[in-house]
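Examination of the molecular architecture
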Amino acid sequence: MGIDLTLRHLRVVIAVADAGGYTPAARELHVAQSSLSRTVQEVEQRIGVPLFERTTRRVRPTLEGEEFLATARRLVGEFDTALNHFEGYLAGTRGSVSVAALPSLAGSMLPPVLAAFRRGHPEVAVSVKDGFSEEVLDLVVRGEVDLAVSVATQVPATLAVRHIAVDAFAAVLPSDHPLAAQEELRWADLAGLPFVAFERISSIRSYVDRVLAETGTRTGALTEARNIGAVAGLVAAGLGVSAAPSLVLPMMMFADVVMRPLVDPGVERDICLIHDPRRPMSRAAQALMQLLVSAGEREIATPPGVRWVPGEPGQA
């Protein structure tokens, strides 16, 4: 059977050792000396060895007492550290936050928001998981992340959605393409041109296909790619033109491509904050969610073609 001691037992023994006597320790702890002495005697009885010996001037630990004090200080220190961490968690200054996002949002819209968040919450660990829209929603549904930033065309009814930003679509062209001389392009200008498209699983593809169909624009030979870098590289190599939202464009700048706004019609993609209201949310996660909602008011920077929108009343 183990030794049965409480945190109070440990603190009293440490106080006596640090103060060098029972009287100053009792004064420091604001307790009666007789009560403090009984507590030390109780500890000694339970562990079976004396902890202190008296000299003419002060009380000092025995050899067993020194060993006990080392353990007691470590246990009390770990307890106090853990409790401080928990208090920070409750206050939103410590803990962790996990966010799921589309790759384009994780790479261009989230970084300045997370930088602002880190300035106010330097001890909060942040995890960002990127994926396609369905993958992002699955992470929220399964409770693997606190919140998500994504496009929200079809969201389960159990999740809360808040519209926070929009980004406009632009044409992506090889730098030497004849259409690159124009300041802006119509969707109809893409008719008959070889086209580099994102795979159908991408949320970008659904927007582009819908607008091309609505405008009656039929592109030429189609080349498909899964990720942003591949699309940019294929366009730069002359395999076709493409169309992408503004949050994607900064991630294409490594390639020899140019971007031109697409009009007639101007198309904007809705960016939403998504979370499960049934899942308990830490104060740190709540703080990040509020920062995303108020990013426009706080004038957090966005790439060209992107703008924050004010939240609508009654939304999550």
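Attention in this report is confined to the structure presented alongside it. A quick note: this is a predicted structure, and the numbers were derived from the prediction, not measured.

Let us look at the packing of aromatic side chains. Per the stated rule, a full pass over the model turns up three aromatic pairs. A centroid spacing of 6.4 Å and a plane angle of 70° characterise the contact between Tyr22 and Phe52, whose relative ring orientation is edge-to-face. Placement of Tyr22 in helix 2 (residues 22–29) and of Phe52 in strand 1 (residues 52–54) is noted, with a sequence separation of 30 residues between them. Its relative accessible area of 11% is what places Tyr22 among the buried residues. Look at Phe52 and you get buried, because its relative accessible area is 10%. An aromatic cluster is built from Phe169, Trp187 and Tyr207, whose rings are joined through pairwise contacts.

Here we come to the nonpolar core. Formed by 37 residues in total, the largest nonpolar core has its most connected members in Val172, Leu173, Trp187, Phe198, Val208 and Met252. Of all the secondary-structure elements, those providing two or more residues to this core are strand 6 (160–174), strand 8 (195–198), helix 7 (203–214), helix 8 (228–236), strand 10 (242–245) and strand 11 (257–263). With near-sequence residues (within four places) excluded, Met252 lies in contact with Val172, Phe198, Ile228, Val231, Ala232, Ala244, Val257 and Met259. In this structure, Leu114, Val149, Leu273 and Val306 belong to the second largest nonpolar core, which totals 32 residues.

All right, on to the environment of Ile201 then. Note on placement: Ile201 falls in the loop between strand 8 and helix 7. Separated by 25 residues in sequence, Ile201 and Arg226 have C-alpha atoms that sit 8.4 Å apart.

For the pair helix 2 and helix 3 (residues 33–47), interaxial distance at closest approach is 9 Å and the crossing angle is 110°. Relative to helix 3, helix 2 is oriented roughly perpendicular. Listed contacts from helix 3 to Tyr22, Thr23, Ala25, Ala26 and Leu29 of helix 2 are Gln33, Leu36, Ser37 and Val40. In terms of residue class, the contact of helix 2 with helix 3 is made up of six nonpolar, three polar and no charged.

Once that is clear, we can look at the pattern of salt bridges. This structure, assessed with the given rule, holds 15 salt bridges. In this structure, the salt-bridge partner of Glu268 is Arg307, at a minimum N-O distance of 3.0 Å. Of this pair, Glu268 sits in strand 12 (residues 268–275) while Arg307 sits in strand 13 (residues 306–308), and the two are 39 residues apart along the sequence. Asp276 is the salt-bridge partner of Arg278, the closest N and O atoms lying 3.0 Å from each other. For Arg278, a relative accessible area of 58% corresponds to the exposed category. According to the relative accessible area criterion, Asp276 is buried, its value standing at 9%.

The rules behind these values
- Residues numbered from 1 in each chain as written.
- Predicted model: local features only at pLDDT ≥ 70, side-chain atom pairs only at ≥ 80, totals over all residues.
- Heavy atoms only, no water.
- Phe/Tyr/Trp six-rings, centres within 6.5 Å; stacked < 30°, edge-to-face > 60°.
- Helix = DSSP H or I, 4+ residues; strand = E, 2+ residues; numbered from the N terminus.
- Buried < 20%, exposed > 50% of the residue type's maximum accessible area, 1.4 Å probe, protein only.
- Core = buried A, V, L, I, M, F, W, Y, C linked by side-chain atoms within 4.5 Å.
- Contact = heavy atoms within 4.5 Å.
- Axes fitted to C-alpha atoms, helices over the stretch in contact; angles between N-to-C directions.
- Parallel < 35°, antiparallel > 145°, perpendicular 65-115°, else oblique.
- Nonpolar A, V, L, I, M, F, W, Y, C, P; charged D, E, K, R; others polar.
- Salt bridge = Lys/Arg side-chain N within 4 Å of Asp/Glu carboxyl O.

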